[in-house]
Structure formats: C-alpha cells, structure tokens
2 protein chains.
Amino acid sequence: MKRNPDFGFQSQGLWARLARGEVSSEQAVEHCIARYEDREQDVQAFAAFDAERALGEARARDRERELRGPRGPLHGLPFAVKDVIDTVDLPTQRGSPRYEGRRAEQDAACVRLLRQAGCVLLGKADTVEFAGIGRDPPTANPHDPKRTPGGSSAGSGAAVATGMAPMALGTQTGGSVIRPSSFCGVAGFKPTYGRVPVQGLWLHAPSLDTVGWMAEDVELLARTGETLNLGEWQAPEAGRSLRIGLYRTPYWPDAEPASRSAVETAADRLAASGHGVEEVEEIPGAENLNEWQDVIMHGEARISLMAEYGAGKQGLHEDIVEEVEVNRGITPRAMAGAYDGIGVLRPAFDQRLADYDAWLTASVPGEAIPRRDGNGEATFNRLFTALQLPCVTVPGLTGPAGLPVGVQFVGARFADMRVLAAGAMLEKLLVGD
Amino acid sequence: MKRNPDFGFQSQGLWARLARGEVSSEQAVEHCIARYEDREQDVQAFAAFDAERALGEARARDRERELRGPRGPLHGLPFAVKDVIDTVDLPTQRGSPRYEGRRAEQDAACVRLLRQAGCVLLGKADTVEFAGIGRDPPTANPHDPKRTPGGSSAGSGAAVATGMAPMALGTQTGGSVIRPSSFCGVAGFKPTYGRVPVQGLWLHAPSLDTVGWMAEDVELLARTGETLNLGEWQAPEAGRSLRIGLYRTPYWPDAEPASRSAVETAADRLAASGHGVEEVEEIPGAENLNEWQDVIMHGEARISLMAEYGAGKQGLHEDIVEEVEVNRGITPRAMAGAYDGIGVLRPAFDQRLADYDAWLTASVPGEAIPRRDGNGEATFNRLFTALQLPCVTVPGLTGPAGLPVGVQFVGARFADMRVLAAGAMLEKLLVGD
C-alpha cells in the first residue's frame, strides 16, 4: 500500500507542509473542510464540525505566527477531538442521546495543552456511547462503507484516514485507538497510562482509560506526544540498527492470516534492513491478561455508569442498563484478583522490554469486519492497555480484501518516544518516505 | 470526650432524627442554616452556601416523601460538597482564584448518586487549591481558631464538626479526609480506591484521588457508603467479638504522645470489651510506602497541573508553579518504581488483613497544629491511600491540649462495610451511645 493519497496536498503530509511554511493554518483548515465536504456524507466521522469557527481560529494563529512566530512545532495544526473529550467551542455529546447538544464549560486538559501550543480545533469525532458500550456511531470505514472503522474512536480514525483531519485525539480502554487506526489505515498511538492528563474526559474505566491519537504519519504522532509532554522527539538515526522482539502474545491463535502475514512481512523487512529481530519468550501469566482487563473494564464501567442509570433508563442504551444490572457477575474479589495479577506482570514486562527498542506484534486480529458484526476485537490491545505500555500501530500493509492491516510496536512504560522512533523507522519500510 | 453537642438537636444526630421522621428535611436544613449563622463567620468552612436554594430542595423532598415515601435511608439529608467536586446549583471554584464563580454544567457522579437518593445539597466546602497544593482556605479549626482544621478537605471537616452539615463529601489523595476528620473531631471515611465514581471531580493525582466523607457518626458514614453502592450496611451484632490487629506502621516514631495514647486507649477499651486485639507484625517493604506515595502524588500532580500552568501564571499559587517547573526532580523511572513497589504490597496487605475485622492505628501524628505551621502531616494516611485500603477514623478521644484525636481502622480492599461495622463498634466504646 502506498501512502494514503487522501493525506494533504499531493502525496505529502499536510502537517509537514504546514511546518515548512508551505501552507498557512487557514489553508490547512480549508483543505480539511474540502475533504469534509467531499467525504463526510459517506463516512460520517464527525459529531460536530464548525468550518467557520475553525477558519477564524486558524486565521488568528496565522496572524500570531506573523507577529510573534510559532508557539511550537504544531502551530496552526487542525485537529479533531473524540466526543468524550470536553471542548468549550463545540458540543461534547459523549456519543449519548442523553447528552445531545451538551456544552462543557472548559476544554479538557489535553485539548488545552494542544491549543496552548497553537493547534486549531476542527471538530468532534463520533464515538461509541461513553467510549464504552451502547450506541454505535454511524461512522463507516473510509475504505469500505459496509465495514466498521473500529471502535470506540471510530470518528477519529475515519477523519484522519480521509484527510479530513491530519491528527485526531481518541481514547483507549481496551483497543479503542489502535484498532480503528489499523482498520482505517492510519498511524495511531496509545501512550503510557497516566502520562496525558484526564481532566475533562468522560472516564469509563478510569484505571485503563488513556488518551491516544491518530495522525497522518508517525512523526506527527511523536510531535503531538512532545506537545503533550511525553518527552523530546528525536528522529531515528539513519543506519541505526533496532533491536526488535517479535512477541506473538498468548492470543496468536486469534490472529487471522491477514495479521499473521502483516507481522511476518514487517519482521522480514526489518531484518532485511539490518535490524535485529528475535522471537520473545512468553511471560508466564500473560495468558490471563485479556480476561483480567475485561473484568476491570466492565467492573469499573458499572461504577462510572451508575449515576447515569440512576437518572432513569430514558436515552440509555439497553447494553448500558445490562452493564449496570448484570455486569457479567463481576465481584469485588474478581476485581482485586485482576488488579493484582496485572500488578505483578507490569514490572515483569517492563524488565523484559528494557532490552529492546520495541516488540513487534499484531495490531488487530485482521482486516475491518462487516459493521453488522460489531466493531472488531481488541485481542491484541487489551493486554497492553492493562500493562500500561506505549503502543504504536503503523499502517502500510493490506489484507486479502485489500483493506488496511496495521502492525504494532509496544515499548516499556515511559519509553513513549523510543517506541515512536522505532515506529517511524518501521513506517519507512512499510509506507516509504 | 462526649458526643459533640454541636450535632443535631440535643445530643442526638440530626440524621437519626430525620430518619425516624422526628424532623422534616426542611427542619434539618433550617437547623444547618442556624448553625451556619452561628459559626460560619468564625470557622469559614464554606466556599458557597445558598440557604434559600437548599430550603427549596428540602421542601421538594418533604413533599415527595409525603406523596411517594422516601427514596432511601438518606432521603432529605442535607450535605456539603468539597469544592473540587462539581455541582450545577452552586459554583465549583476548586479552591483556586482562577476558577472564581465557575459553574459546572453537571453534578459530579457522586453528587448525582446522593441527590438521586434524596439528599439535599447545602453548600460547597472550602479546600486547599485543587485539593493539592497552593492556596490554603481560610477555614479555622472549630475547636481552636488558631489551629488548622487539616487539609485539604478543611471545610468538609469543619462543617460537620460544627453541625453546619451532618455529612460532607471530601477527597483524599494523601490524608485529606482522615486528617481533617481527626483534627475536627468527627467520623471520617475513605473507601477502597476506585469504588466511588470520579466523573466531575478535579483529579489531582488520579491513581490516588478517592472520594471520601465525614459525618456526625459512623452509621451515617456507612449509610452514605451504602447509597454510593459500597455494599449493604449491617449494624454490628451486639456481643460479637471483633478480631483487631494493632498495626503501628513503620511510621510509629512520628506518632506524638497524643496519638500513641489514643491508640493505646482504643486498644485497651476494645480488649476490655472482649474483642481480640493483637500486635501485627510489620510487612517487609512497608517502610517505603509513604515515599512512594509522595513520588506518585507529585509526579501525577505535575501532569494534572500542566494545562493550568500553560494558561499562564496569573491566579496560580507559586507552589503550583514550582510543582510544575521543579517537581522535586521526580523522574519517570522513579514513578514506575513507586507504582511497582506499591503494586507488590497491595496483595500482601490484603492477605494479612483478611484475617481481621480491621487494623487499629493512628489517624494522625497528634492534635491539630497551629495554622502558621501548615495543615498537618498525612503520615498515617499516605501508605493506606497508596494501598487503596478503606479507612475510617473514629472520634471521641482528646490530646493534652484538649483537642480531638481520632483513631483509625483500616480494612482489606473492598471490605468497606466490614471496616465501617468495626468502626461503629469502636465508636460506642469511645463516644458512647
């Protein structure tokens, strides 16, 4: 697969051209609006989009750049925000009919940090209800309208894939950033848990919820991370040899041929380019991680949803009612067991990961599935979300149906910039320069 | 010390009389308003108080009770809310000049749950800036205006101690519920981490922040917990013998004579009443817990405060600026070490605690300190907050200056109702019926 022609002008990234001063912020926003007018009707990525407002904000950033220079490397960059993340200037409806037209009184902290750095708010990306369970957004996979874009950050993935936004914030509790990135064919990143502030987010399962983002390339993922204080971006040195672990996870039997082949292809290209690639031995206990993540996610979701449920069932999806009333029979003892089981494995993974630039694994089981079958599985994400590890998915490969299939790099906790540098290296091998 | 005469009518709890139908919700609120008019000028517990609004809400609850019966055991109960917890009907200023007059667009989930159960919002209790660091509230200790009421839930403790509110929500990140409860001489409870929803809270150090509450007696602590879905309250069986561990913690050398004597007195009375009290052997590694909690608290606070800092220094306390700029030199590696160190000890404490109804320990180093010296230390709280354990402080004893000194019961994770039942038993021994 070649670089997505939907990105930017010609085949170049919109952000790269903005950073080089080849386009103004206003022109960048105009480009996004043109893409929106072209694709939104079919893709339905946005829960709210205000072209005039975004243009005004972009013009202000352009004037400022002229007068005082850019605030930072992302000055003037338009971005979309998943609709469970508060914004003042656009409604935040949390994917819920109950919150139709809701206006937050302050931007979420992550949105504030990006706007403080000069980024321009473009629109709100649609999401599964409460980024958890319930109503699915109308968003279609940009590559095939009958397929899911992946959940829950559906709109964020579709907006970036169509070039309607060069970057979009999402959140991941199971696999809600990596999966839609893979299904939509874009670069996506979930940082180390706890490193991006959570004020102004709808928290669904607070011990798992992590702000992540999608972007037109890995460098923009990294520059966004830099702006959100994850560390300093250093482009990978040409000629440096990475040490990569090939980690199939205990869930490899669930990987379809599309993902198996994508991982093998990535491993082969890495090895052929002189990088060290070696199989990682399984870590005992890892086979429980996805189940533990499930117990925690649903156990905490019940707590988060209890006040919604207490306000009456009207405007609440039946799956949410069931989450509160039945909750899969999850007990406090099961939750404590899950927390502690994961707690023991975190340092074990960290220690093993310390020897590598990243571990290579599947991003998803396979290509995007038909929408009637759901949003796809977070099989290769749950464990890493539970372990709090930084994860980047790199696009460039496709499956038998011609749809995108990402491959994932996972790093040690807090090694966010290191795993992104490795991701940028892999991107060159899969997408080209 | 006898039961605080400020509570309710005569020596009886306001809530008990409300629950028995001896007073209406309107009368209960009128009582709180009378106490407010009497004490607020000296104590300054509230950041916002709207008597007329509360009376209107109380009358609505009274009418509802007449028509359809009570919604639950707390129907009509007036309560105060720490000012880092969002409310629609009253401003939420987060203890920060920057948020003067700020109005949230939705009640926090914990406030929604209480109001859904028929509780009546009375006012907003003042707090340390962002419940963390910076501006101290003007709140005085109700027993001695030159002393601190304890932080950061200063107003919550003082409001309950003066009878201005029979119950008040607070939050604990280090010792911000247990300490002010002890200094003010009221019952206070910090539940198991993660059991009370956090939507609508200012999150300062999200992996530690826990909603807790103070109340005029332990049963009301438990009934509030029941309303917040912590489990079913069962009054302690008369004659049942508790098994209590006497756990001095690695920080016992920091306990002043006032607290040592309070713990010994409690242990003696428990033993004299036929309860089993035995010294708990120290758990290896526990001596690091307070330092680890400190690393996590400040490391996460920096992340939470970054967007505030990015908005400019105006209206931000210099301690907050320092927290962001210097942050005590805390590194990601130190944070990972702290998370993992605590992660190993959580199941170890749980396992040992499973054999007991509760562990008895100090709530605080001693009596409330002079305000010029700060808000007091969270020495006997940090470790338990980090371990996510439910903690109840029981009043009734005093120190050499005649000021209240609480003693603390700590339970296993998720054993919230069990530790509260033990607390109710201890309350009978220290306060009387």
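What counts, and at which threshold
- Residues numbered from 1 in each chain as written.
- Chains lettered and ligands numbered in written order.
- Predicted model: local features only at pLDDT ≥ 70, side-chain atom pairs only at ≥ 80, totals over all residues.
- Heavy atoms only, no water.
- Helix = DSSP H or I, 4+ residues; strand = E, 2+ residues; numbered from the N terminus.
- Rg over C-alpha atoms; globule rule 2.2 N^0.38 Å.
- Contact = heavy atoms within 4.5 Å.
- Areas by Shrake-Rupley, 256 points an atom, 1.4 Å probe, with all protein chains shown as cover.
- Lys, Arg positive; Asp, Glu negative; His and termini not counted.
- Charge placed at Lys NZ, Arg CZ, Asp CG, Glu CD.
- Buried < 20%, exposed > 50% of the residue type's maximum accessible area, 1.4 Å probe, protein only.
- 1 Å grid on protein atoms, 1.4 Å probe; cavity = no way out; pocket = protein on both sides within 12 Å on 5 of 7 lines; lining within 4 Å.
- Points joined across faces, edges and corners; volume = space filled by probe spheres on them.
- Nonpolar A, V, L, I, M, F, W, Y, C, P; charged D, E, K, R; others polar.
- Salt bridge = Lys/Arg side-chain N within 4 Å of Asp/Glu carboxyl O.
- Buried area = accessible area lost by both parts, 1.4 Å probe.
- Polar contact = N/O pair within 3.5 Å; in protein donor to acceptor, adjacent residues only side chain to side chain.
- Phe/Tyr/Trp six-rings, centres within 6.5 Å; stacked < 30°, edge-to-face > 60°.
- Lys NZ or Arg CZ within 6 Å of the ring centre and 35° of its normal.
- Least-squares fit on C-alpha atoms with pLDDT ≥ 70 in both.
- Pairing = 2+ DSSP bridges.
- Axes fitted to C-alpha atoms, helices over the stretch in contact; angles between N-to-C directions.
- pLDDT = per-residue confidence, 0-100.
- Core = buried A, V, L, I, M, F, W, Y, C linked by side-chain atoms within 4.5 Å.
- Patch = residues over 30% accessible without salt bridge, like charges linked within 9 Å, V, L, I, M, F, W, Y side chains within 5 Å.
- Disulfide = S-S within 2.5 Å.

Describing the overall build of chain A
So, step 1. Looking only at helices and strands, chain A features 13 helices and 11 strands.
So, step 2. In terms of overall dimensions, chain A is globule-like: its C-alpha atoms have a radius of gyration of 20 Å, near the 22 Å expected for 433 residues.
So, step 3. If you line up chain A on its principal axes, its C-alpha atoms span 60 × 55 × 40 Å.
So, step 4. Residue pairs in contact within chain A that sit at least 24 positions apart in sequence constitute 77% of those at least 6 positions apart.
So, step 5. By element, 46% of the accessible surface of chain A is carried by carbon and sulfur atoms, the whole surface being about 14,500 Å².
So, step 6. Put simply, chain A has 45 plus and 59 minus side-chain charges, and the middle of one group is 2 Å from the middle of the other.

Considerations on unusual backbone geometry
Residues and elements named next belong to chain A.
So, step 1. Here glycine 151 and serine 152 are connected by a cis peptide whose omega angle stands at -10°.
So, step 2. Of note in the backbone geometry, phenylalanine 130 takes a positive phi value of approximately 55° without being a glycine.
So, step 3. Mapped onto the elements, phenylalanine 130 comes out in the loop between strand 3 (120-125) and helix 5 (154-161).
So, step 4. On the basis of relative accessible area, phenylalanine 130 is assigned to the buried category, the value being 0%.
So, step 5. The phi dihedral of asparagine 229 falls on the positive side, at around 70°, and the residue is not glycine.
So, step 6. Mapping asparagine 229 onto the fold places it in the loop between helix 7 (218-227) and strand 7 (243-246).
So, step 7. For asparagine 229, a relative accessible area of 34% gives the class partly exposed.

Looking at empty space enclosed by the protein
So, step 1. By the definition in use, this model includes 9 cavities of 30 Å³ or more.
So, step 2. Roughly 470 Å³ of volume is contained in the largest cavity.
So, step 3. Mapped onto the lining of the largest cavity, the elements with two or more residues apiece are helix 4 (109-116) and helix 9 (289-310) of chain A together with helix 4 (109-116) and helix 9 (289-310) of chain B.
So, step 4. In this structure, the second largest cavity is lined by 22 residues; those nearest its centre are Ser207(A), Arg346(A), Gln388(A), Arg346(B) and Gln388(B).
So, step 5. Within the residue set of the lining of the second largest cavity, elements represented by two or more residues are helix 9 and helix 11 (332-353) of chain A together with helix 11 (332-353) of chain B.
So, step 6. Per element, the largest residue contribution to the lining of the second largest cavity is 5 residues, and it comes from helix 11 of chain A.
So, step 7. The class makeup of the residues in the lining of the second largest cavity is 8 nonpolar, 7 polar and 7 charged.

Here's the deal with the pattern of salt bridges
So, step 1. Within this structure, the stated rule accounts for 64 salt bridges over all chains.
So, step 2. Where salt bridges share partners, they join Arg53(A), Glu57(A), Asp89(A), Asp107(A) and Arg115(A) into one cluster.

Focus: the interface of chain B and chain A
So, step 1. Listed as interface residues are 37 residues of chain B and, on the opposing side, 37 residues of chain A.
So, step 2. Around 3,100 Å² of area is buried between chain B and chain A when both sides are counted, 57% of it from carbon and sulfur atoms.
So, step 3. Summed over the shared surface of chain B and chain A, the number is 6 salt bridges.
So, step 4. For the salt bridge of Arg102(A) with Glu105(B), the shortest nitrogen-to-oxygen distance reads 2.6 Å.
So, step 5. For the pair chain B and chain A, the interface holds 17 residue pairs in polar contact (both at pLDDT 80 or more).
So, step 6. Looking at the side of chain B that touches chain A, the elements that each hand over two or more residues are helix 4, helix 9 and helix 11 of chain B.

A few points about the packing of aromatic side chains
So, step 1. Throughout the structure, instances matching the rule amount to 24 aromatic pairs over all chains.
So, step 2. Between Tyr247(A) and Phe384(A), the aromatic rings sit 6.2 Å apart at their centres with planes inclined by 70°, giving edge-to-face as the arrangement. Residue Tyr247(A) is found in the loop between strand 7 and helix 8 (257-272), and its partner Phe384(A) is found in helix 12 (residues 382-387); the two are separated by 137 residues along the sequence.
So, step 3. On the basis of relative accessibility, which here comes to 1%, the residue Tyr247(A) falls in the buried class.
So, step 4. Judged by relative accessible area, Phe384(A) falls into the buried class, the value being 1%.
So, step 5. Joined through ring pairs, the aromatic side chains of Tyr247(A), Phe349(A), Tyr356(A), Trp359(A) and Phe384(A) make up one cluster.
So, step 6. Directly above the aromatic system of Tyr99(B) lies the positively charged group of Arg94(B), at a separation of 4.6 Å from the ring centroid.
So, step 7. In this arrangement the basic side chain of Arg243(B) is found over the ring face of Tyr356(B), its NZ or CZ atom lying 4.6 Å from the centre.

Describing the relation of the copies chain B and chain A
So, step 1. The operation relating chain B to chain A is a screw motion whose rotation component is 180°, with 0.0 Å of axial translation and a residual RMSD of 0.0 Å. Each copy turns onto its partner about a two-fold axis. Residues of chain B ranked by C-alpha distance from the rotation axis are headed by Gly343(B), positioned 2.6 Å from it.
So, step 2. Comparing contact sets, 100% of the residues at the interface of chain B also lie at the interface in chain A, consistent with an isologous, same-surface contact.

As for the sheet that holds strand 6 (residues 210-215) of chain A
Residues and elements named next belong to chain A.
So, step 1. An order of 1-3-2-4-6-5-10-11-9-7-8 is seen for the 11 strands of this open sheet, with the pairing classed as mixed. Looking at which strands have only one partner, the edges of the open sheet turn out to be strand 1 (46-49) and strand 8 (276-279). Direction aside, the axes of adjacent strands within the sheet are offset by 30° on average.
So, step 2. In this structure, strand 7 lies alongside strand 8, joined through 4 bridges in parallel fashion. Across the sheet, residue arginine 243 finds its bridge partner in strand 8, namely glycine 276.
So, step 3. Lying on the sheet, helix 7 is in contact with strand 4 (167-172), strand 5 (187-190), strand 6 and strand 10 (391-398); it crosses strand 6 at an angle near 145°.

A word on the confidence of the model for chain A
So, step 1. The predicted model of chain A has a mean per-residue pLDDT of 96, with 97% of residues at 70 or higher.
So, step 2. Under the prediction, the complex receives an ipTM of 0.96, its pTM being 0.97.

Quick look at the sheet that holds strand 2 (residues 78-82) of chain B
Residue and element names in this part refer to chain B.
So, step 1. In space, the 11 strands of this open sheet follow the order 1-3-2-4-6-5-10-11-9-7-8, with mixed pairing throughout. At either margin of the open sheet sits one strand with a lone partner, and together these are strand 1 (46-49) and strand 8 (276-279). Pairs of neighbouring strands in the sheet enclose a mean axial angle of 30°, with direction left out of account.
So, step 2. Examined bridge by bridge, strand 9 (residues 358-362) and strand 11 (residues 404-410) share 4 bridges and lie antiparallel to one another. By the bridge assignment, alanine 362 is partnered in strand 11 with valine 407.

Remarks on the nonpolar core
So, step 1. One finds Leu169(A), Phe349(A), Leu360(A), Leu169(B), Phe349(B) and Leu360(B) to be the most contacted residues of the largest nonpolar core, which totals 275 residues.
So, step 2. With sequence-adjacent residues up to four places away left out, Leu169(A) is seen in contact with Phe79(A), Ala80(A), Val81(A), Lys82(A), Ile85(A), Cys110(A), Val111(A), Leu114(A), Ser156(A), Val211(A), Gly212(A) and Trp213(A).

A look at a negative patch on the surface
Residues and elements named next belong to chain A.
So, step 1. On the surface, a cluster of negative charge is made up of Asp136, Glu318, Asp319 and Glu322.
So, step 2. Topologically, glutamate 318 is positioned in helix 10 (residues 318-325).
So, step 3. For glutamate 318, a relative accessible area of 61% gives the class exposed.

Some details on the state of the cysteines
Residue and element names in this part refer to chain A.
So, step 1. This structure, assessed with the given rule, holds 0 disulfides over all chains.
So, step 2. A disulfide-free cysteine, cysteine 184 has its sulfur positioned 16 Å from the sulfur of cysteine 32, the nearest such atom.
So, step 3. The thiol of cysteine 391 is unpaired, and the distance to the nearest cysteine sulfur, on cysteine 184, comes to 18 Å.

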